[in-house]
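# Coordinates in review
Single-letter residue listing:
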Amino acid sequence: MNKNEKFVITINRELGSGGRTVGRKLAEKLGVEFYDKALIKGLEDKFHLTTGEIEKLKGRSHSWWEDFKRAVRIGQQWGVANTRQYYQIDPQQMPDMLTTDEIFKAETEILQGIAEQESCVIAGRSGFYVFRNHPNHLSVLIQASMPFRIERVMRKQNMTEDEARKTIENVDRMRENYVMKYTGTSRYDTRNYDLVISADGKTEDEIVDIIMKVIGIH
């Protein structure tokens, strides 16, 4: 990845690995925007950003990107408020949570549009796939052992050990189903990534430092 040109770094992560926080801190250090699934979903819901609506934005005489950036600034609250959606999953509702083809296409359009306009860090389930052909892309996977993940989810979400384990298992299954459906590959296939990091024994800041060194910033 060439840090001197427009770039995109995607962070795929296991629930409880701290990957979302790593992505946010990495973006802050690099001085670029951070986008995640919660923000994109909030924008879709509030602004009805289907592929058709995105094409309308692009077709206007002024910059569609400026419209989108205004929406992002208004929608920043979703990046925090919807964090819990990653944890509170009802197994009986999981089929309803699978993204439709239209929403996946819209999300892909939004993410690719972001990367065309500016350098950024994106945390999401299929970032490695969406940007697989991007000329200046670093794909990162952050994993952790089950005990590490359970402890972190318990601490962050005030759950019991059993609740945390079941939540992790449900989210793992949901995310893997999503990735398999829309990319035809497993999110656990390390060949999809340029860098795979275990969070065990590391702080979020230490993981950020590892990524910074890989891209040549010390």
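Below you will find a few notes about this structure. (Residues numbered from 1 in each chain as written. Predicted model: local features only at pLDDT ≥ 70, side-chain atom pairs only at ≥ 80, totals over all residues. Heavy atoms only, no water.)

## Section: the overall build of the protein
The following threshold applies: What counts as a helix is a DSSP run of H or I of at least four residues, what counts as a strand is a run of E of at least two, and both are numbered from the N terminus. We call two residues in contact whenever any of their non-hydrogen atoms come within 4.5 Å of each other. Per-residue and other accessible areas follow the Shrake-Rupley method at a 1.4 Å probe size, with only the shown protein chains counted as cover for residues.
Each helix and strand in the protein was counted, giving eleven helices and five strands. Counting only contacts in the protein whose residues sit at least 6 apart along the sequence, the fraction spanning at least 24 positions is 79%. Accessible area for the protein stands at about 10,800 Å²; split by element, carbon and sulfur atoms hold 48% of it.

## Focus on the sheet that holds strand β5 (residues 195-198)
To keep it simple, the criterion reads: Paired strands, in this sense, are two strands between which DSSP finds at least two bridges. To get an axis, a line is fitted to the C-alpha atoms, and for a helix only the part in contact is used. The angle between two axes follows their N-to-C directions and goes from 0 to 180 degrees.
Read across the open sheet, the five strands follow the order β2-β3-β1-β4-β5; overall the sheet is parallel. Edge positions in the open sheet fall to β2 (33-36) and β5, since each of these has one partner strand only. Looking at each pair of strands side by side, their axes are set apart by 20° on average, direction ignored. Where strand β4 (residues 137-143) lies against β5, four bridges are found, and the strand directions are parallel. Note on β5: the bridge partner recorded for Val140 is Leu195. Each of β1 (8-13), β4 and β5 touches helix α11 (residues 204-214); the most contacted strand, β5, lies at about 160° to it.

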